[in-house]
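# Structural overview for review
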Amino acid sequence: MRLRLAGFISLMTFAVSGWASTSPAPATLHWQAWSDGAFAQARAEHKFVLLDLEAVWCHWCHVMDDVTYRDPAVVRLLNQRYVLVKVDQDSRPDISNRYQDYGWPATVVFAADGSEIVKRQGYLPPKLMSSMLQAIIDDPSPGPSVEKEAAFRPASDSVIKPALLARIEAQYEKQYDKPVGGWGSVHKYLDEESVEYAMRQGARGNVESAKRAADTLHDATNLLDPVWGGMYQYSVGRHWTEPHFEKLISIQADALREYSLAFAQTQNPEDLSAAQSVHRYVTNFLTAPSAGVFFVSQDADLHDGQENEAYFKLSDEGRRAQGIPRVDKHVYARENGWMIAALCDYYAASGDTVALVQAQRAAGWIVVHRSLPGGGFRHDDVDPAGPYLGDTLAMGQAFLALYNVTGDRGDLKAAAAAAEYISAHFAPASVGGGFVTAPTATDAAYRPHPDRDENVALVRFATALAVASGEERFHATAAEAMRYLAAESVALRPLSAGVLLANEDRTEAPIHVTVVGAWSNPDVVALHSAALRAITSHELIEIRDPADSAPLPTSVTYPPLKRAALFLCTAQACSSPIFRGEEVRGKIQRAQMQAQRSAMCPAGRAPCAGGGHFVTCVRRRVVLPLVAGGYLWWESESEQCFVRLNSGRCGRCRWGNGYVLVRLKLQACLWRVLLAEELHVSTTRLSIAEAGHGLF
């Protein structure tokens with residue numbers, strides 16, 4: 001959602017980020033792009049540097065241009081003592097991430113050496129601006145808005161300690177606005193990660209979390225444009241009915257993904273309708289007809305700086321009679337990656353094949369026009385800086401999402417190449433320091449920094465890629481990014497859901513859906529489609545053809561069957577073969593229920609440190625509740641599995657009684673042990689018999 005500075009400023013008008021103000025700025029203001037040259041000029045002329053960091057779609061940015069930067073007193077002071085720099089934040093992810101806490105417009109004044117003097121948030125009226133400019137001239141000492149950056153203390157490893165995790169979860173609980181709904185207490189918007197985490201908890205039986213997710217998704221439909229579709233950015237006044245009317249591709253991608261996942265989970269028709277609204281808007285307004293790629297945003301204002309509420313109350317015909325708000329037609333790899341991944345989820349949940357075609361077409365264009373050697377992606381056609389982590393990361397996620405819904409190995413290969421590029425170009429300067437937004441500094445006074453949201457996304461992407469590809473090296477990337485997030489100063493920043501999701505994705509294995517059979521078999525296609533319709537946010541879906549001469553690595557040996565079958569595995573167990581598509585949704589729902597903290601320690605023991613395949617308890621014992629009733633007990637010292645049913649009978653015993661004792665490693669022990677009529681045991685893997693009955 002960031003845009004590149006597209007034009008040079010002429011004497012009479014200026015063009016920024018591909019658009020020109022309908023009310024030209026005075027000829028006496030000379031804006032330039034961000035560069036080292038601006039600071040060199042400031043040093044030579046003994047001036048300060050003023051940065052106006054704006055957004056193409058931003059109403060108050062337009063007001064600043066048309067009011068504040070036209071005021072005679074402001075113009076006089078700026079021309080006397082300031083070098084003026086204007087940057088569209090969409091075009092420079094490195095500068096945008098640096099000042100994202102200030103919103104847009106952000107006004108930052110620097111000394112000629114690059115050190116900050118003042119940082120101001122939002123619209124500054126002329127009187128306030130001229131007063132600030134004069135105060136800096138009189139006394140250029142840094143103001144209270146400029147604080148010395150605190151020394152960063154990285155975590156000792158990638159594991160969030162139990163006490164810190166409890167604090168993060170408590171913060172997440174407090175961040176929910178109980179009186180009004182939604183996460184956040186000032187502006188109301190659909191926070192993707194907060195809703196996703198609540199949906200996960202709801203799928204695991206947490207009724208209150210399920211209600212919060214459903215209520216938020218319902219309330220957020222107030223932000224949908226009833227005429228053109230699509231979602232406005234947010235609503236002000238701590239309620240859902242006073243929207244700001246700009247529409248960003250990032251907002252559309254978030255909404256499309258969450259409503260799609262919600263529909264897959266609950267089958268609520270309102271969620272599907274909301275997803276369809278977003279998809280219709282993106283198709284009609286933010287898609288390049290010839291190339292099929294996605295644009296950045298549509299402005300809130302029909303005419304820069306003018307109120308627009310009355311316009312958005314008009315019908316389609318009434319709006320078009322007055323004109324259509326400007327669309328920012330830059331094509332960024334990052335923004336396209338976000339939308340491609342969201343379209344994959346929408347296709348999976350809805351079955352709308354148009355969405356899949358759109359995703360594949362956009363991905364193909366980006367590969368041709370935005371690729372960098374080695375698997376990376378640049379931001380725009382020509383970047384003034386970069387490369388940026390966000391572009392390669394978003395495209396890596398897009399390719400992995402495409403692989404998850406199509407099984408195309410080429411997409412998996414592209415996702416792996418993106419991950420390798422990230423490790424090679426954006427790695428932390430020191431262990432635990434976080435993957436950086438860009439490998440080069442924005443200026444001499446500011447070293448490259450990590451972004452929390454990007455590291456959250458990287459943990460989730462690299463972890464999922466490791467599972468899909470069977471490549472352990474991607475786990476190392478995820479662990480390094482997670483170590484940054486595990487630092488207390490990072491983990492406790494609001495909002496909390498992103499860190500919670502990253503931690504969960506890393507420590508708990510995803511639901512793994514495998515359809516065994518040939519792609520040409522209609523029954524395989526039907527089972528695969530059934531799995532897609534019930535997709536979750538932490539899931540790997542794949543088709544394994546027994547005739548494949550080079551299958552991807554797996555720890556499961558699937559039985560040779562005479563017909564197509566679907567197997568559903570968690571870290572703890574696998575289902576018996578599923579042959580009917582109508583059974584898949586229920587099986588996935590039961591698997592999600594089992595995923596909720598399924599690894600437990602015996603009474604009186606310390607809590608488990610970890611989850612998924614990485615479970616460690618005091619005395620190295622694990623107790624797992626079984627859906628069938630009873631418990632599985634594993635002891636590492638003897639490498640023995642015990643099963644106890646609620647009937648009270650316990651044994652080491654025979655399958656006829658429903659018990660088993662096998663000497664296996666933990667992963668195999670957890671894989672499948674109860675209520676199977678036949679179990680084939682080797683030293684490292686289990687074979688699942690067709691006649692068996694799984695744990696879920």
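Residues numbered from 1 in each chain as written. Predicted model: local features only at pLDDT ≥ 70, side-chain atom pairs only at ≥ 80, totals over all residues. Heavy atoms only, no water.

## Concerning the overall build of the protein chain
Broken down by element type, the protein chain carries 23 helices and 21 strands. Here the protein chain, with 696 residues, has 57% of them falling under the buried criterion. Summarising the internal contacts of the protein chain: among those between residues at least 6 apart in sequence, 67% fall at separations of at least 24. Summed over all atoms, the accessible surface of the protein chain reaches about 28,100 Å², with 54% contributed by carbon and sulfur. (Helix = DSSP H or I, 4+ residues; strand = E, 2+ residues; numbered from the N terminus. Buried < 20%, exposed > 50% of the residue type's maximum accessible area, 1.4 Å probe, protein only. Contact = heavy atoms within 4.5 Å. Areas by Shrake-Rupley, 256 points an atom, 1.4 Å probe, with all protein chains shown as cover.)

## What to know about the sheet that holds strand 14 (residues 539-544)
Pairing within the open sheet is mixed, and its three strands lie in the order 14-13-15. Where the open sheet ends on each side, the last strands, each with one partner, are strand 14 and strand 15 (565-569). Ignoring strand direction, the axes of neighbouring strands in this sheet form an average angle of 15°. In this sheet, strand 14 lies alongside strand 13 (residues 511-516) in parallel orientation, the contact comprising six bridges. Across the sheet, residue T514 finds its bridge partner in strand 14, namely E542. Along the sheet, helix 21 (residues 522-533) makes contact with strand 13, strand 14 and strand 15, crossing strand 14 at roughly 175°. (Pairing = 2+ DSSP bridges. Axes fitted to C-alpha atoms, helices over the stretch in contact; angles between N-to-C directions.)

## Things to note about the nonpolar core
Among the nonpolar cores identified, the biggest contains 153 residues, and L51, M231, Y259, I340, F461 and L566 are the most heavily contacted of them. Ranked by residues supplied to this core, first place goes to helix 13 (residues 333-350) with eleven residues. In this structure, W31, V109, M132 and I136 belong to the second largest nonpolar core, which totals 21 residues. (Core = buried A, V, L, I, M, F, W, Y, C linked by side-chain atoms within 4.5 Å.)

## Considering the pattern of salt bridges
Counted under the stated rule, the structure contains 42 salt bridges. For E116, the salt bridge is made with K119, and the minimal N-O distance between the two is 3.4 Å. Residues E116 and K119 agree in their burial class; the two are buried. Where R334 meets E335, a salt bridge forms, and the shortest distance between an N and an O atom there is 3.0 Å. Exposure class is identical for R334 and E335. Each is buried. Look at the salt bridges and you will find they share partners, linking E192, E196, R200, R204, R257, E258, D345, R460, E504, D505 and E508 into a network. (Salt bridge = Lys/Arg side-chain N within 4 Å of Asp/Glu carboxyl O.)

## Side note on the sheet that holds strand 7 (residues 116-121)
Taken together, the five strands give an open sheet; going across it, the order is 3-5-4-6-7, and neighbouring strands pair in mixed fashion. Bordering the open sheet on either side are strand 3 (31-32) and strand 7, each of which pairs with just one other strand.

## Examining the packing of helix 17 (residues 452-469) against helix 18 (residues 473-485)
Taken N-terminus to C-terminus, the directions of helix 17 and helix 18 make an angle of 155°; their axes are 8 Å apart at the nearest point. Classed by the angle they form, the pair helix 17 and helix 18 counts as roughly antiparallel. Both helix 17 and helix 18 take part in a crossing whose hand is left-handed. In this structure, helix 17 contributes R452, N455, V456, L458, V459, A462, T463, L465, A466 and S469 to the contact, and helix 18 contributes F474, H475, T477, A478, A481, M482, Y484 and L485. (Parallel < 35°, antiparallel > 145°, perpendicular 65-115°, else oblique. Left-handed = near helix turned anticlockwise from the far one by under 90°.)

## Quick word on helix 3 (residues 72-81)
If you check which residues of helix 3 are buried, you get V74, V75, L77 and L78. Taken around the axis of helix 3, the buried residues stretch over an arc of 170°, which confines them to a single face. Contacts made by the buried residues of helix 3 are with strand 4 (48-54), strand 5 (82-88) and helix 5 (126-138). Its side-chain oxygen 3.1 Å from the backbone nitrogen of A73, D71 forms the N-cap of helix 3. (Arc of directions from axis to C-beta. Polar contact = N/O pair within 3.5 Å; in protein donor to acceptor, adjacent residues only side chain to side chain.)

## Considering the packing of helix 15 (residues 389-406) against helix 16 (residues 409-425)
Close contact between helix 15 and helix 16 brings their axes to 8 Å; oriented N to C, the two are set at 155°. As far as their axial angle goes, helix 16 and helix 15 are roughly antiparallel. Judged by the twist between their axes, the crossing of helix 15 over helix 16 is left-handed. Two secondary-structure elements touch here, helix 15 through L389, T392, L393, G396, F399, L400, L402, Y403 and T406 and helix 16 through R409, D411, L412, A414, A415, A418, Y421 and I422.

## Brief notes about the packing of aromatic side chains
One pass over the structure, following the stated rule, counts 20 aromatic pairs. Judged by centre distance (5.4 Å) and plane angle (75°), the ring pair of W34 and F39 falls under edge-to-face. Note that K247 overlies the ring of Y281, its terminal NZ or CZ placed 4.1 Å from the centroid. The lysine or arginine in question, R533, covers the ring of Y347, its NZ or CZ lying 6.0 Å from the ring centre. (Phe/Tyr/Trp six-rings, centres within 6.5 Å; stacked < 30°, edge-to-face > 60°. Lys NZ or Arg CZ within 6 Å of the ring centre and 35° of its normal.)

## Looking at helix 16
In an α-helix, one turn spans 3.6 residues, which is why side chains three or four residues apart end up on the same side. Helix length check: helix 16 (17 residues) gives 24 Å between terminal C-alpha atoms against 24 Å at 1.5 Å per residue, within 8%. Here helix 16 has its buried residues at D411, L412, A415, A416, A418, A419, Y421 and I422. Where the residues of helix 16 are buried, they touch helix 15, helix 17 and helix 18. By the N-cap criterion, in which a side-chain oxygen at the helix start approaches the backbone nitrogen of a residue two or three places on, helix 16 is capped by D408, the distance to G410 being 2.7 Å. (Expected span 1.5 Å × (residues − 1).)

## A few points about the pairing of strand 13
Counting buried residues along strand 13, six of its six residues qualify, which places the element largely inside the surrounding structure. Of the two faces of strand 13, the one carrying I511, V513 and V515 and the one carrying H512, T514 and V516 are both buried. Taken together, strand 13, helix 21 and strand 14 form a β-α-β motif whose crossover is right-handed. As judged from the five bridges shared by strand 13 and strand 15, these two strands associate in the antiparallel manner. (Right-handed = clockwise from strand over helix to strand, strands pointing away.)

## Considering the confidence of the model for the protein chain
Here the protein chain shows a mean pLDDT of 84. Residues at 70 or above account for 81%. Note on residues 1-25: pLDDT is under 50 here. Beyond four places in sequence and across chains, it has 89 contacts. Every residue in residues 597-696 scores below 50 in pLDDT, and together they form 230 contacts with partners more than four places removed in sequence or on other chains. (pLDDT = per-residue confidence, 0-100.)

## What about the pairing of strand 5?
Of all seven residues in strand 5, seven are buried; the element is thus mostly enclosed. Covered by surrounding structure in strand 5 are Y82, L84, K86 and D88 together with V83, V85 and V87, the residues of both alternating faces. One ladder, built from two bridges, connects strand 3 with strand 5; its direction is parallel. Along strand 5, the bridge assignment pairs Q32 with V85. As defined by bridge partners, strand 4 adjoins strand 5 across seven bridges and the pair is classed as parallel. Bridged to D52 within strand 5 is K86.

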